[in-house]
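As a plain string of letters, each chain reads:
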Amino acid sequence: MQRAPRRGLVSCLVCLVFLVMASTGARAQEEGPWLRVLGTAQDGGIPHAACTCRRCEAARTDPARRRLIASLALIVPGEDEHRRVYLVDATPDIRDQLESLRDVRDAPVGRVDRDPVDGVLLTHAHLGHYLGLAFFGFEAVSTTRLPVHCTPAMAEYLRSNGPWDQLVRLENIALHSHRVGEPFDLDGVRITPILVPHRDEYSDTVAYRFEGPERTVLYLPDTEPWRTWEAPLPDPASIFEGVDVAIVDGSFYSPDELPGRAVSAIGHPLMTETMDLLARRVGEGTLEVFFTHLNHSNPALEPDSDALKEIHRRGFHVLEEGQVFPLE
Ligand SMILES: [Zn+2]
Ligand SMILES: [Zn+2]
Ligand SMILES: [Zn+2]
């Protein structure tokens, strides 16, 4: 009989310590908006669907090597401790990614949260970047007028094609279209969609520039190689001007990983080319670069690879899930 209260006291003390630690951590982050990384893989995921390559098999046996599909959350502290949360791309891994945000804001107990995020920003209409939107529909979360921010072309595609048109018709989502190059504001964060060249079968493709009170992050998960950026597109180096952190397309490291395919046929800048493009800024210490959207063929996925060593030697990084980038 005497032990129970003592155990209770101990667990209360443990709880208190955790509460103090949690509130201190929360306060440290509450000062301003921040981005949190929810995924770092190319559209097929890692392990990639139906692949038994060395890296995919390693990811099956070692959960630390799994990677969810590329996505970010923009998190903004609000009044009454209600944080605002925006997804940047809605991936097929959205169930796990929403789960990973449970520490960020309170959810109703014992039922579906019909309001799990405050909005979604979409980069383009490829499977890894928008299929997760379907989970906001009638068959699953069934949100009400969830704001979806995208370009006019992307909005038109969603409005005019099933099953996405049903989300619009049933008002699960509300489309907010923004012209490229024209900034808009989300809770004090200035966001600019930047047009980038890509295989644009169903929509155009954008990168997003997030300008917070102190820091600016560029998110560019998918683009054609830099050499294909021709007028009227800007000189690729210019889109990194004024940027503190760039999270960029790291699909492929080198042409060696795709035997039988010419470099010219690869629709992404190689990591080596991106490091050449941004070497000066990184060397000066005025820009930090993190690679995301890694394809399962990429040798940089292997912890002991020469590719990863070379990336680090040159002062660049591979993005990891859970990483946080303050905008203040
Ligand atoms: Zn992609
Ligand atoms: Zn594979
Ligand atoms: Zn794409």
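Given the structure is predicted, the values throughout are model-derived calculations rather than measurements.

Notes on the pattern of salt bridges
Argument step 1. Within this structure, the stated rule accounts for 20 salt bridges.
Argument step 2. Where D103 meets R36, a salt bridge forms, and the shortest distance between an N and an O atom there is 2.9 Å. Taken together, the residues span a long stretch of sequence, with D103 in the loop between α3 (94-99) and β4 (119-121) and R36 in strand β1 (residues 34-39) at a distance of 67 residues.
Argument step 3. Residue class for D103 comes out exposed when judged on its relative accessible area of 54%.
Argument step 4. Residue E211 pairs with R190 through a salt bridge whose shortest N-O separation is 3.4 Å. A residue pair is termed long-range when its members are at least 10 positions apart, and E211 in strand β9 (residues 206-211) and R190 in strand β8 (residues 189-195) qualify at 21 residues.
Argument step 5. Taking relative accessible area as the criterion, E211 reaches 22% and is therefore assigned partly exposed.
Argument step 6. Given the relative accessible area of 43%, R190 is considered partly exposed.
Argument step 7. When salt bridges with common partners are traced through the structure, they connect R84, R105, D118 and D187 into a single cluster.

Topic: the coordination of the zinc ion (ligand 2)
Argument step 1. With distances of 2.1 to 2.3 Å, the protein atoms coordinating the zinc ion (ligand 2) are C51 (SG), C53 (SG), C56 (SG) and H296 (ND1).
Argument step 2. One way to put it: the four donor atoms around the zinc ion (ligand 2) meet at angles of 101 to 117°, and that makes the site tetrahedral.
Argument step 3. For C51, a relative accessible area of 13% puts it in the buried group.

A look at the nonpolar core
Burial of nonpolar side chains together is a common tendency in soluble globular proteins.
Argument step 1. Judged by nonpolar contacts, the single largest core of 32 residues is most densely connected at L218, L220, F240, V289, F291, I311 and F316.
Argument step 2. Mapped by element, the contributors of at least two residues to this core are β10 (216-220), β11 (245-249), α7 (271-284), β12 (288-292) and α8 (306-313).
Argument step 3. Here the element with the most residues in this core is α7; it accounts for four residues.
Argument step 4. The contact partners of I311, leaving out residues within four places of it in the chain, are Y253, M271, M275, F291, A300, F316, H317 and V318.
Argument step 5. In terms of nonpolar packing, the next biggest core, distinct from the first, is built from 28 residues, L87, I94, Y130 and W164 among them.

Points about the sheet that holds strand β14 (residues 324-326)
Argument step 1. Read across the open sheet, the seven strands follow the order β6-β5-β4-β3-β2-β1-β14; overall the sheet is mixed. Unpaired on one side and paired on the other, β6 (173-177) and β14 mark the two borders of the sheet. For this sheet the average axis-to-axis angle between neighbouring strands, irrespective of direction, equals 25°.
Argument step 2. Sheet analysis places strand β2 (residues 71-76) next to strand β3 (residues 84-88), joined by five bridges and oriented antiparallel. For L74, the partnering residue across the bridge sits in β3 and is Y86.

A look at the confidence of the model for the chain
Argument step 1. When pLDDT is averaged along the chain, the result is 91, and 91% of the positions lie at 70 or above.
Argument step 2. Note on residues 1-29: pLDDT is under 50 here. Beyond four places in sequence and across chains, it has three contacts.

Criteria and cut-off values
- Residues numbered from 1 in each chain as written.
- Chains lettered and ligands numbered in written order.
- Predicted model: local features only at pLDDT ≥ 70, side-chain atom pairs only at ≥ 80, totals over all residues.
- Heavy atoms only, no water.
- Salt bridge = Lys/Arg side-chain N within 4 Å of Asp/Glu carboxyl O.
- Helix = DSSP H or I, 4+ residues; strand = E, 2+ residues; numbered from the N terminus.
- Buried < 20%, exposed > 50% of the residue type's maximum accessible area, 1.4 Å probe, protein only.
- Donors = N, O, S within 2.8 Å, 3.2 Å for Na, K, Ca; no water.
- Tetrahedral: all angles 85-135°; square planar, octahedral: opposite > 155°, others 65-115°.
- Core = buried A, V, L, I, M, F, W, Y, C linked by side-chain atoms within 4.5 Å.
- Contact = heavy atoms within 4.5 Å.
- Pairing = 2+ DSSP bridges.
- Axes fitted to C-alpha atoms, helices over the stretch in contact; angles between N-to-C directions.
- pLDDT = per-residue confidence, 0-100.

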